[in-house]
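# A look at the structure
Each chain, written out:
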Amino acid sequence: MQKGFLSKKPYEPPSWASHLSPIPSHTFILGHFPTPIHKWNLPNLPEGTEVWIKRDDLSGMELSGNKARKLEFLMADVVSSGADCVITLGGMQSNHCRATAVAARSLNLDCHLIFRSPQDLEDKDPGLVGNLMLERLVGAHIYLVSVGNLEFFLNSMAIANSLKNKLEKEGRKPYIIPPGGSNSLGNWAYIEAIREIEQQVQNSEEAKFDDIVAACGSGGTCAGISLGSRLSSLKAKVHAFAVVGTTEYFYYSTQKLIDGLQSGLDSHEIVDIIDVQGLGYGISTEDELQFIKKVAQATGIILDPVYSGKAAYGMFKDMASNPEKWRGRKVLFIHTGGLLGLYDKTEQIAPLVGECHKLEIDKSIPWQDITGKLF
């Protein structure tokens with residue numbers, strides 16, 4: 001039995017982050033931490049390059065990945081505020097929305113999820129694929145909004161406040177969590193994760209990491225890792241692979257997030273942001289899915305198609321085209337979870353995987369006769 005799971009506990013920041021403000025007072029224990037770090041034997045790396053992987057995909061099942069870390073801080077604030085329900089937003093296969101729905105129900109709170117929907121699907125039921133299955137099983141209330149991707153995220157608080165006003169008129173007490181759980185409070189999740197990595201490095205005989213790589217979707221994970229790496233003893237160079245938006249947008253949003261903690265740092269100096277969105281957020285190319293399949297078959301690590309899959313694909317391509325940049329370096333890749341998103345890609349993945357075969361049983365092999373036997 002895990003001690004304290006789903007319980008609230010006081011929070012003390014790392015000493016190197018104690019000057020940041022505001023500092024959370026409490027967290028809820030929602031994930032299984034620390035998550036392991038191990039070597040990732042990817043093929044065809046530049047000479048002398050080592051890639052290791054931080055398995056935040058193993059932090060839980062329904063509550064997993066980077067979202068579980070953020071929700072430990074965010075849900076503590078939700079409960080402290082006296083709210084009786086939460087509102088959050090995301091894409092149709094948002095891992096954050098799924099994790100929020102499960103966390104809210106675990107803490108006896110209602111959850112209202114607003115999804116960006118393509119215009120031709122706005123009036124249709126979104127179905128039960130991937131994350132939607134879990135969200136609907138735990139009773140989350142689903143709302144669809146048909147606007148452009150960037151428009152949706154830039155106006156997310158206005159959209160959420162529209163629903164908040166409606167719920168307040170019904171006598172509810174809603175709390176809005178921004179897309180991805182990315183705000184100053186959510187930033188602490190990966191500041192804390194950096195402390196965890198720092199301790200794991202100190203407790204091992206391995207050398208420190210030169211680089212840290214992660215996907216960037218709403219900016220909070222990127223901001224926390226970048227800030228934590230700069231302030232802690234790690235001092236690793238952070239590379240954030242953006243799966244949506246532009247690099248300019250994420251330098252701006254990261255700056256806003258670290259300014260919210262009064263860090264006094266410049267986002268351009270603490271993170272290298274690289275655009276890997278390809279065809280767009282949540283849209284996979286055949287090459288990207290082929291890469292996910294090859295990595296799974298070569299290493300046993302399964303990447304999601306929206307975040308870590310695109311980030312790892314981008315990292316691998318950058319290593320191939322700029323080998324000098326990575327040669328001889330020790331790299332930590334943070335797997336942020338999201339495996340349920342693969343179920344939204346079954347039609348695309350089906351032609352890429354092997355066929356099933358009928359097994360003809362050798363009749364000469366001794367066979368148990370079940371006549372007259374009870375089960």
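Residues numbered from 1 in each chain as written. Predicted model: local features only at pLDDT ≥ 70, side-chain atom pairs only at ≥ 80, totals over all residues. Heavy atoms only, no water.

### Brief notes about the overall build of the chain
Assigned secondary structure in the chain consists of 13 helices and twelve strands. By the compact-globule yardstick of 21 Å for 375 residues, the chain fits well, its C-alpha radius of gyration being 22 Å. In terms of overall dimensions, the chain has a C-alpha envelope of 75 × 55 × 45 Å along the principal axes. By residue count, 51% of the 375 residues in the chain fall in the buried class. In the chain, of all internal contacts separated by at least 6 residues, the share reaching a separation of at least 24 is 77%. Of the roughly 17800 Å² of accessible surface on the chain, 53% is carried by carbon and sulfur atoms. In the chain, 37 side chains carry a positive charge and 43 a negative one; their mean positions are 3 Å apart. (Helix = DSSP H or I, 4+ residues; strand = E, 2+ residues; numbered from the N terminus. Rg over C-alpha atoms; globule rule 2.2 N^0.38 Å. Buried < 20%, exposed > 50% of the residue type's maximum accessible area, 1.4 Å probe, protein only. Contact = heavy atoms within 4.5 Å. Areas by Shrake-Rupley, 256 points an atom, 1.4 Å probe, with all protein chains shown as cover. Lys, Arg positive; Asp, Glu negative; His and termini not counted. Charge placed at Lys NZ, Arg CZ, Asp CG, Glu CD.)

### Here we look at the packing of helix α7 (residues 220-231) against helix α8 (residues 247-259)
Where α7 meets α8, the axes come as close as 9 Å, and the angle between the chain directions of the two elements is 60 degrees. Classified by the angle between their axes, α7 and α8 sit oblique to one another. Helix-helix and strand crossings are classified by hand; for α7 and α8 the assignment is right-handed. Of the residues in α8, those touching α7 at G220, C222, A223 and L227 are T254, L257 and I258. (Axes fitted to C-alpha atoms, helices over the stretch in contact; angles between N-to-C directions. Parallel < 35°, antiparallel > 145°, perpendicular 65-115°, else oblique. Left-handed = near helix turned anticlockwise from the far one by under 90°.)

### Side note on the UniProt feature "active site" (unreviewed entry) in the chain
According to UniProt, the positions carrying the feature "active site" (unreviewed entry) are S94. Filtering out sequence-adjacent residues up to four positions away, S94 remains in contact with F115, N131 and E135. (UniProt positions renumbered as here; feature names shortened; annotations may be inferred.)

### Remarks on a nonpolar patch on the surface
The grouping of L128, M133 and L137 at the surface amounts to a nonpolar patch, some 300 Å² of accessible area in total. With respect to the helices, strands and loops of the structure, M133 is situated in helix α3 (residues 131-137). Given a relative accessible area of 33%, M133 falls into the partly exposed group. (Patch = residues over 30% accessible without salt bridge, like charges linked within 9 Å, V, L, I, M, F, W, Y side chains within 5 Å. Salt bridge = Lys/Arg side-chain N within 4 Å of Asp/Glu carboxyl O.)

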